[in-house]
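Descriptive structure summary
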Amino acid sequence: MQPELSLSICIPNYKRLNQLIELIHSINNASKLCNGNYEIIISDDFSPNQEVIKNEIYKLKSEIEIPIKIYLNSRNIGYDANLRSLINKSSKNYITLFGNDDLMPNDFFVNFSHLMNKYNFPKAIIRSYATFNKNKENIISSFVYTPKDTLLSPSPDTLAYIFKRSVVISGLIFERKISKNLFSKKYDGLLLYQVYLISKISLLGNVCLTNKILAYYRLNGIPEFGTSENESFHTPGKRTVNSSISFIRGLLLIAREVSPNKRTFKKILIDLSKYSYPIISIQNDLKFIDRIKYSKSLSDLGLSCTPYFFLYVIVYVVKLTRPFEFIVEIIKKKLGYTPKL
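Residues numbered from 1 in each chain as written. Predicted model: local features only at pLDDT ≥ 70, side-chain atom pairs only at ≥ 80, totals over all residues. Heavy atoms only, no water.

**Notes on the pattern of salt bridges**
Within this structure, the stated rule accounts for 15 salt bridges. Here Lys15 and Glu224 are joined by a salt bridge, their closest N and O atoms 3.7 Å apart. Residue Lys15 is located in the loop between β1 (6-13) and α1 (18-31), and its partner Glu224 is located in the loop between β9 (207-218) and α8 (241-258); the two are separated by 209 residues in the primary sequence. Overall, the relative accessible area of 21% leaves Glu224 in the partly exposed class. (Salt bridge = Lys/Arg side-chain N within 4 Å of Asp/Glu carboxyl O. Helix = DSSP H or I, 4+ residues; strand = E, 2+ residues; numbered from the N terminus. Buried < 20%, exposed > 50% of the residue type's maximum accessible area, 1.4 Å probe, protein only.)

Following this line, the structure appears as structure tokens:
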């Protein structure tokens, strides 16, 4: 017997209000194209402007057709625990995650319904997504991982492939029941709970990999991680070298612990190395010597296991990132998806 097609849109929030409201309106607009059993759940992690956020969301309830629930944390519990809390409070059969400054495409629910029915309710959907500046008409880049929709059976190879592709939370979809059975506090503070969750799910049930854009990811947002006591490696309002190194160290820790064998972990590490350019270029404001030191730190973590890493480091150190990214975008647009390296 197939489960009911119902969906909780879960949004972890901290401080941002205007972008959150914009996201909610985009969800409401998308829902008008495909009626269904949906709910929006927001968990505010003790924002300084929490009372204002609460009042504005209450005002929205009369304008939005989808039921909205907002939960207010009485202390800052951190990103990972807040995400887990959202999942626990959801009531629908499936969950999708959106960052509070993301936007939902108009055809999201249409595509969600299509994929669920076509692939007989997979345990998770790994979406494609697009990045934008200011508004979703200004698309900067698309991250499409497959030329066509594909169903991946549960296996270590599926885990190795979807691992890095589940780092960005925007538009990830998974079954609520299976995710609640996997609850763990072990990785709190790493900002990667969704990676742990999707990785474990990929070993237990079918995963759909889709070429459909299911989320718009806003660029140039200011990271606010580090307010919680268990996020000590991060500084609110800044993206420091220490936070970037800590993030990758945490990613590799989860990779090692969710991998059922050394071969799977090695495949994940190689995949991360092949596509490590964003990991490197995220620290694009550093001076020459600091770029070398940062690249050396990433190498020490194990990312230098393919020649691609050294190519990206050269591009980064000699400040050729703009022409490199321009060429990459031309290739991606010509192919229609990210090339397989």
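There is more to say, and it comes next.
**Describing the side chain of Thr321**
Among the secondary structure elements, Thr321 is positioned in helix α13 (residues 321-335). For Thr321, the contacting residues outside a window of four places in its chain are Tyr277, Asn284, Val315 and Tyr316. (Contact = heavy atoms within 4.5 Å.)

**Observations concerning α1**
Under the 1.5 Å per step criterion, the end-to-end length of α1 is 20 Å for 14 residues, consistent within 8% with the ideal 20 Å. Along α1, the residues classified as buried are Leu20, Ile21, Leu23, Ile24, Ser26, Ile27, Asn28, Ala30 and Ser31. Close packing links the buried residues of α1 with β1, β2 (37-44), α2 (50-60), β3 (68-72) and α4 (108-118). (Expected span 1.5 Å × (residues − 1).)

**Observations concerning a nonpolar patch on the surface**
Taken together, the side chains of Phe326, Ile327, Ile330, Ile331 and Leu335 present a nonpolar region at the surface, about 470 Å² in accessible area. On the accessibility criterion, Phe326 (56% relative accessible area) is exposed. (Patch = residues over 30% accessible without salt bridge, like charges linked within 9 Å, V, L, I, M, F, W, Y side chains within 5 Å. Areas by Shrake-Rupley, 256 points an atom, 1.4 Å probe, with all protein chains shown as cover.)

**Looking at the packing of α1 against α2**
The geometry of α1 relative to α2 is characterised by a closest axis approach of 11 Å and an angle of 20 degrees between their N-to-C directions. Taken together, α1 and α2 sit at an angle that is classed as roughly parallel. By crossing handedness, the relation of α1 to α2 is classed as right-handed. Across from Leu20, Ile21, Ile24 and His25 in α1, the residues of α2 making contact are Ile53, Glu56, Ile57 and Leu60. (Axes fitted to C-alpha atoms, helices over the stretch in contact; angles between N-to-C directions. Parallel < 35°, antiparallel > 145°, perpendicular 65-115°, else oblique. Left-handed = near helix turned anticlockwise from the far one by under 90°.)

**Thoughts on the nonpolar core**
Ile9 and Phe109 are the most contacted members of the largest nonpolar core, which totals 97 residues. Per-element accounting of this core gives the leading share, 7 residues, to α8. Contact partners of Phe109, with chain neighbours within four places excluded, come to Leu7, Ile9, Ile27, Ala30, Ser31, Cys34, Tyr38, Ile66 and Met104. (Core = buried A, V, L, I, M, F, W, Y, C linked by side-chain atoms within 4.5 Å.)

**Quick look at the packing of α8 against helix α9 (residues 262-274)**
Taken N-terminus to C-terminus, the directions of α8 and α9 make an angle of 150 degrees; their axes are 9 Å apart at the nearest point. In terms of orientation, α8 and α9 fall into the roughly antiparallel class. Considering only the axes of α8 and α9, their crossing is right-handed. On α9, the residues touching Leu251, Leu252, Ala255 and Arg256 of α8 are Phe265, Ile268, Leu269 and Leu272.

**A word on the layout of surface pockets**
There is about 230 Å³ of room inside the second largest pocket. What lines the second largest pocket is Asp157, Ala160, Tyr161, Arg165, Lys267, Ile268, Ile270, Asp271, Lys274, Tyr275, Lys340 and Leu341. For the lining of the second largest pocket, the secondary structure elements donating two or more residues are α5 (156-162) and α9. Top contributing element to the lining of the second largest pocket by residue count: α9, with 5 residues. Taken together, the residues of the lining of the second largest pocket sort by class into 6 nonpolar, no polar and 6 charged. (1 Å grid on protein atoms, 1.4 Å probe; cavity = no way out; pocket = protein on both sides within 12 Å on 5 of 7 lines; lining within 4 Å. Points joined across faces, edges and corners; volume = space filled by probe spheres on them. Nonpolar A, V, L, I, M, F, W, Y, C, P; charged D, E, K, R; others polar.)

**Considering the side chain of Arg176**
Inspection of the secondary structure assignment puts Arg176 in helix α6 (residues 176-180). No salt bridge is formed by the buried Arg176; the nearest opposite charge belongs to Glu39, separated by 6.8 Å. Residue contacts for Arg176: discarding those within four places in its chain leaves Ile87, Ser90, Ser91, Lys92, Asn93, Tyr94 and Ile95. (Lys, Arg positive; Asp, Glu negative; His and termini not counted.)

**Comments concerning the pairing of β3**
With 5 bridges joining them, β2 and β3 adopt parallel strand pairing. Paired with Ile42 across the two strands is Ile70, which belongs to β3. Once you follow β2 into α2 and on to β3, the crossover reads as right-handed. (Pairing = 2+ DSSP bridges. Right-handed = clockwise from strand over helix to strand, strands pointing away.)

**Details of unusual backbone geometry**
Of note in this structure, Phe46 is not a glycine but carries a positive phi near 60 degrees. Topologically, Phe46 is positioned in the loop between β2 and α2. Taking the relative accessible area as the measure of exposure, Phe46 reaches 43% and is therefore partly exposed. Although it is not a glycine, Leu191 sits at a positive phi angle of roughly 65 degrees. Checked against the element boundaries, Leu191 lands in the loop between α6 and α7 (193-201).

**Some details on helix α11 (residues 288-303)**
What α11 keeps buried is the set Arg291, Tyr294, Ser295, Leu298, Gly302 and Leu303. Within α11, the buried residues cover an arc of 100 degrees as seen down the axis, which keeps them to one side. When the buried face of α11 is taken as reference, the exposed residues oriented beyond 90 degrees from it are Lys293 and Asp300. Considering only its buried residues, α11 is in contact with α8, α9, α10 (277-281) and α12 (307-317). (Arc of directions from axis to C-beta.)

**As for the environment of Ser259**
Topologically, Ser259 is positioned in the loop between α8 and α9. Through-space distance from the C-alpha of Ser259 to that of Asp188 is 19 Å; in sequence the pair is 71 residues apart. Among residues more than four places away in sequence, those in contact with Ser259 are Leu159, Thr264, Phe265 and Ile268. Here Phe265 takes part through its backbone nitrogen, which lies 3.4 Å from a polar atom of the side chain of Ser259. (Polar contact = N/O pair within 3.5 Å; in protein donor to acceptor, adjacent residues only side chain to side chain.)

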